[in-house]
Amino acid sequence: MTEVQVKSTQNGVNVEALLGARNALGETPEAGRFVWRATNEWVHGTHSRSSVRSYYGLGAEHEHKSGFDFEADHPLVFAAEDNAATPVEIVLVGLASCLTAGVAAVAQNREIQLNSVKATVEGDMDIQGILGADPDVRNGFSNIRVTYDIDADASPEDIEALVAQSQKRSAVFDIVTNPTNVTVEVT
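Visitor: I keep staring at the packing of aromatic side chains and nothing clicks. Help me out?
Guide: To describe a pair of aromatic rings, one takes the distance between the centres and the angle between the planes. Counting across every chain of the model gives three aromatic pairs. Judged by centre distance (6.2 Å) and plane angle (15 degrees), the rings of Phe-34 and Tyr-55 are stacked. Pair noted here: Phe-34 is in the loop between α1 (15-27) and β1 (35-36) and Tyr-55 is in strand β3 (residues 47-57), with a separation of 21 residues, a long-range link. Residue classification places Phe-34 among the partly exposed positions, given a relative accessible area of 31%. Connected via pairs of aromatic rings, a cluster forms that spans Phe-34, Trp-36 and Tyr-55.

Set out below in C-alpha coordinates:
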(Lines give C-alpha, C1' and ligand atoms only; values in the text may rest on other atoms or scores of the structure.)
Protein backbone atom coordinates (compact mmCIF):
# COMPACT_ATOMS: atom_id res chain seq x y z
CA MET A 1 0.00 0.00 0.00
CA THR A 2 1.37 3.41 -1.00
CA GLU A 3 1.10 6.30 1.41
CA VAL A 4 -0.40 9.43 -0.10
CA GLN A 5 1.14 12.64 1.14
CA VAL A 6 -1.30 15.55 1.39
CA LYS A 7 0.26 18.96 0.97
CA SER A 8 -1.07 21.53 3.43
CA THR A 9 -0.43 25.14 2.52
CA GLN A 10 -1.04 27.80 5.15
CA ASN A 11 -0.65 31.29 3.70
CA GLY A 12 -3.73 32.66 5.49
CA VAL A 13 -5.95 33.12 2.42
CA ASN A 14 -9.44 31.60 2.30
CA VAL A 15 -9.33 30.53 -1.35
CA GLU A 16 -12.56 28.55 -1.04
CA ALA A 17 -14.45 31.73 -0.11
CA LEU A 18 -12.84 33.66 -2.98
CA LEU A 19 -13.70 30.95 -5.50
CA GLY A 20 -17.23 30.74 -4.05
CA ALA A 21 -17.65 34.50 -4.50
CA ARG A 22 -16.42 34.24 -8.10
CA ASN A 23 -18.94 31.48 -8.80
CA ALA A 24 -21.78 33.43 -7.15
CA LEU A 25 -21.02 36.47 -9.32
CA GLY A 26 -21.56 34.30 -12.39
CA GLU A 27 -25.20 33.98 -11.30
CA THR A 28 -25.66 37.60 -10.14
CA PRO A 29 -23.07 39.81 -11.85
CA GLU A 30 -24.67 43.03 -10.54
CA ALA A 31 -23.53 42.03 -7.03
CA GLY A 32 -19.95 42.56 -8.18
CA ARG A 33 -20.41 46.30 -8.60
CA PHE A 34 -18.65 47.96 -5.67
CA VAL A 35 -18.14 51.62 -4.74
CA TRP A 36 -15.06 52.20 -2.57
CA ARG A 37 -14.84 55.52 -0.70
CA ALA A 38 -12.44 57.72 1.15
CA THR A 39 -12.99 61.16 2.66
CA ASN A 40 -10.19 63.68 3.03
CA GLU A 41 -9.84 66.82 5.15
CA TRP A 42 -7.18 69.46 4.96
CA VAL A 43 -5.15 69.88 8.18
CA HIS A 44 -2.61 72.64 7.40
CA GLY A 45 -0.22 73.49 4.59
CA THR A 46 0.05 70.39 2.40
CA HIS A 47 -0.94 68.05 5.26
CA SER A 48 -4.30 66.25 5.00
CA ARG A 49 -6.05 63.35 6.72
CA SER A 50 -8.16 60.72 4.95
CA SER A 51 -10.63 58.23 6.39
CA VAL A 52 -12.06 54.99 5.08
CA ARG A 53 -15.19 53.80 6.90
CA SER A 54 -17.72 52.28 4.50
CA TYR A 55 -18.26 50.91 1.01
CA TYR A 56 -21.05 49.61 -1.19
CA GLY A 57 -20.99 46.10 -2.58
CA LEU A 58 -22.99 42.92 -2.97
CA GLY A 59 -26.08 45.12 -3.34
CA ALA A 60 -25.78 46.85 0.07
CA GLU A 61 -23.86 49.34 2.19
CA HIS A 62 -21.14 47.90 4.45
CA GLU A 63 -19.07 49.30 7.32
CA HIS A 64 -15.49 48.14 7.88
CA LYS A 65 -15.09 46.42 11.25
CA SER A 66 -13.06 49.51 12.21
CA GLY A 67 -12.27 52.76 10.47
CA PHE A 68 -8.92 53.41 8.84
CA ASP A 69 -7.12 56.74 8.84
CA PHE A 70 -4.30 57.88 6.58
CA GLU A 71 -2.27 61.04 6.54
CA ALA A 72 -0.45 62.65 3.65
CA ASP A 73 1.96 65.55 3.41
CA HIS A 74 4.97 66.64 1.39
CA PRO A 75 8.63 66.53 2.43
CA LEU A 76 10.78 69.33 3.74
CA VAL A 77 12.47 69.70 0.33
CA PHE A 78 9.04 70.84 -0.98
CA ALA A 79 8.91 73.52 1.75
CA ALA A 80 6.32 71.43 3.59
CA GLU A 81 6.31 69.95 7.11
CA ASP A 82 6.88 66.25 6.22
CA ASN A 83 4.18 64.99 8.61
CA ALA A 84 3.39 61.89 6.54
CA ALA A 85 4.11 60.03 3.32
CA THR A 86 3.40 61.88 0.09
CA PRO A 87 0.28 61.01 -1.92
CA VAL A 88 2.45 59.44 -4.64
CA GLU A 89 4.17 57.24 -2.05
CA ILE A 90 0.73 56.13 -0.89
CA VAL A 91 -0.04 55.08 -4.48
CA LEU A 92 3.13 52.95 -4.44
CA VAL A 93 2.02 51.41 -1.12
CA GLY A 94 -1.36 50.58 -2.68
CA LEU A 95 0.29 48.90 -5.66
CA ALA A 96 2.68 46.86 -3.52
CA SER A 97 -0.10 45.83 -1.14
CA CYS A 98 -2.47 44.75 -3.90
CA LEU A 99 0.16 42.76 -5.79
CA THR A 100 1.39 41.09 -2.59
CA ALA A 101 -2.15 40.12 -1.54
CA GLY A 102 -2.52 38.55 -4.98
CA VAL A 103 0.74 36.62 -4.60
CA ALA A 104 -0.54 35.17 -1.30
CA ALA A 105 -3.95 34.27 -2.76
CA VAL A 106 -2.52 32.65 -5.90
CA ALA A 107 0.08 30.76 -3.85
CA GLN A 108 -2.64 29.44 -1.54
CA ASN A 109 -4.77 28.36 -4.51
CA ARG A 110 -1.79 26.61 -6.13
CA GLU A 111 -0.79 25.01 -2.81
CA ILE A 112 2.57 26.80 -2.68
CA GLN A 113 3.80 27.57 0.81
CA LEU A 114 5.21 31.07 1.15
CA ASN A 115 8.02 31.60 3.65
CA SER A 116 8.56 35.31 3.00
CA VAL A 117 7.48 37.91 0.45
CA LYS A 118 9.04 41.35 0.12
CA ALA A 119 8.20 43.90 -2.57
CA THR A 120 10.22 47.02 -3.28
CA VAL A 121 8.41 49.61 -5.39
CA GLU A 122 10.06 52.65 -6.93
CA GLY A 123 8.46 55.34 -9.06
CA ASP A 124 10.33 57.83 -11.23
CA MET A 125 8.96 61.38 -11.38
CA ASP A 126 10.25 64.67 -12.74
CA ILE A 127 8.78 67.35 -10.45
CA GLN A 128 9.15 70.03 -13.13
CA GLY A 129 5.66 68.97 -14.20
CA ILE A 130 3.86 69.43 -10.88
CA LEU A 131 5.74 72.68 -10.21
CA GLY A 132 4.71 74.07 -13.59
CA ALA A 133 8.36 74.60 -14.57
CA ASP A 134 7.97 72.62 -17.81
CA PRO A 135 4.51 72.11 -19.33
CA ASP A 136 5.81 69.22 -21.44
CA VAL A 137 6.72 67.10 -18.38
CA ARG A 138 3.86 64.97 -17.08
CA ASN A 139 2.81 65.39 -13.45
CA GLY A 140 2.80 61.69 -12.59
CA PHE A 141 5.20 58.79 -12.66
CA SER A 142 7.13 58.15 -15.85
CA ASN A 143 8.04 54.64 -14.71
CA ILE A 144 7.28 52.29 -11.80
CA ARG A 145 9.42 49.28 -10.89
CA VAL A 146 8.25 46.47 -8.63
CA THR A 147 10.91 44.01 -7.46
CA TYR A 148 9.97 40.91 -5.50
CA ASP A 149 12.10 38.81 -3.19
CA ILE A 150 10.04 35.67 -2.55
CA ASP A 151 11.07 32.61 -0.57
CA ALA A 152 8.61 29.79 -1.23
CA ASP A 153 8.48 26.04 -1.52
CA ALA A 154 8.38 26.30 -5.31
CA SER A 155 10.61 26.55 -8.36
CA PRO A 156 11.72 29.96 -9.67
CA GLU A 157 9.38 29.44 -12.64
CA ASP A 158 6.42 28.78 -10.32
CA ILE A 159 7.26 31.89 -8.29
CA GLU A 160 7.41 34.00 -11.47
CA ALA A 161 4.02 32.56 -12.47
CA LEU A 162 2.59 33.57 -9.05
CA VAL A 163 3.69 37.17 -9.58
CA ALA A 164 2.43 37.20 -13.19
CA GLN A 165 -1.02 35.95 -12.14
CA SER A 166 -1.15 38.47 -9.29
CA GLN A 167 -0.30 41.26 -11.73
CA LYS A 168 -3.01 40.03 -14.11
CA ARG A 169 -5.71 40.20 -11.39
CA SER A 170 -4.52 43.26 -9.42
CA ALA A 171 -7.02 46.13 -9.28
CA VAL A 172 -4.33 48.67 -8.37
CA PHE A 173 -2.00 47.49 -11.15
CA ASP A 174 -4.91 48.02 -13.54
CA ILE A 175 -5.63 51.48 -12.08
CA VAL A 176 -2.04 52.72 -12.53
CA THR A 177 -1.50 51.16 -15.97
CA ASN A 178 -4.81 52.03 -17.67
CA PRO A 179 -6.70 55.29 -18.06
CA THR A 180 -9.54 55.77 -15.54
CA ASN A 181 -12.29 58.35 -15.83
CA VAL A 182 -12.04 60.77 -12.90
CA THR A 183 -14.66 63.45 -12.24
CA VAL A 184 -13.82 66.33 -9.86
CA GLU A 185 -16.70 68.54 -8.64
CA VAL A 186 -17.05 71.41 -6.20
CA THR A 187 -20.28 71.45 -4.17
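Still more ground to cover, so stick around.
Visitor: How should I be thinking about a nonpolar patch on the surface in this particular structure?
Guide: A grouping of Val-77, Phe-78, Ile-127, Ile-130 and Leu-131 is seen on the molecular surface, where their side chains present a nonpolar patch of about 490 Å² in accessible area. Here Ile-130 is to be found in the loop between β5 (114-124) and β6 (143-152).

Visitor: I tried to follow the pattern of salt bridges on my own but got confused; where do I start?
Guide: A side chain with one charge can pair with a side chain of the opposite charge if their charged atoms come near. One pass over the structure, following the stated rule, counts five salt bridges. Of the charged contacts, one joins Glu-122 and Arg-145 as a salt bridge, the two residues approaching to 3.4 Å between their closest N and O atoms. Of the two residues, Glu-122 is situated in strand β5 and Arg-145 in strand β6; the sequence distance between them amounts to 23 residues. Residue Asp-124 is joined to Arg-145 by a salt bridge in which the shortest nitrogen-to-oxygen separation is 2.7 Å. With Asp-124 in strand β5 and Arg-145 in strand β6, the pair connects residues that are 21 residues apart, well separated along the chain. Asp-124 gets classed as partly exposed once you look at its relative accessible area, which sits at 29%. Taken together, the shared-partner salt bridges connect Glu-122, Asp-124 and Arg-145 into one network.

Reading the values: rules and limits
- Position numbers for residues start from 1 in each chain and track the written sequence from start to end.
- For this predicted model, a pLDDT threshold of at least 70 governs which residues receive local features, and a threshold of 80 or more governs which side-chain atom pairs are given and counted, while totals over whole chains, interfaces and linings are taken from all residues.
- Hydrogens and waters are ignored; side-chain quantities use all the structure's heavy atoms.
- Only centres within 6.5 Å qualify two rings of Phe, Tyr or Trp (six-membered ring in Trp) as a pair; their planes then separate them into stacked at under 30 degrees, edge-to-face at over 60, and tilted for everything else.
- Each helix is a run of DSSP H or I of at least 4 residues and each strand a run of E of at least 2, with the numbering of both proceeding from the N terminus.
- Burial classes: relative accessible area under 20% of the type maximum marks a residue as buried, over 50% as exposed, and values in between as partly exposed (1.4 Å probe, protein chains only).
- Grouping into patches uses exposed residues only, defined as over 30% relative accessible area, and leaves out salt-bridged ones; the cut-off is 9 Å for like charges and 5 Å for nonpolar side chains (Val, Leu, Ile, Met, Phe, Trp, Tyr).
- Each accessible area value is a Shrake-Rupley result obtained with a 1.4 Å probe; residue values ignore everything except the protein chains displayed when judging cover.
- For this analysis, a salt bridge means a side-chain nitrogen from Lys or Arg found within 4 Å of a carboxyl oxygen belonging to Asp or Glu.

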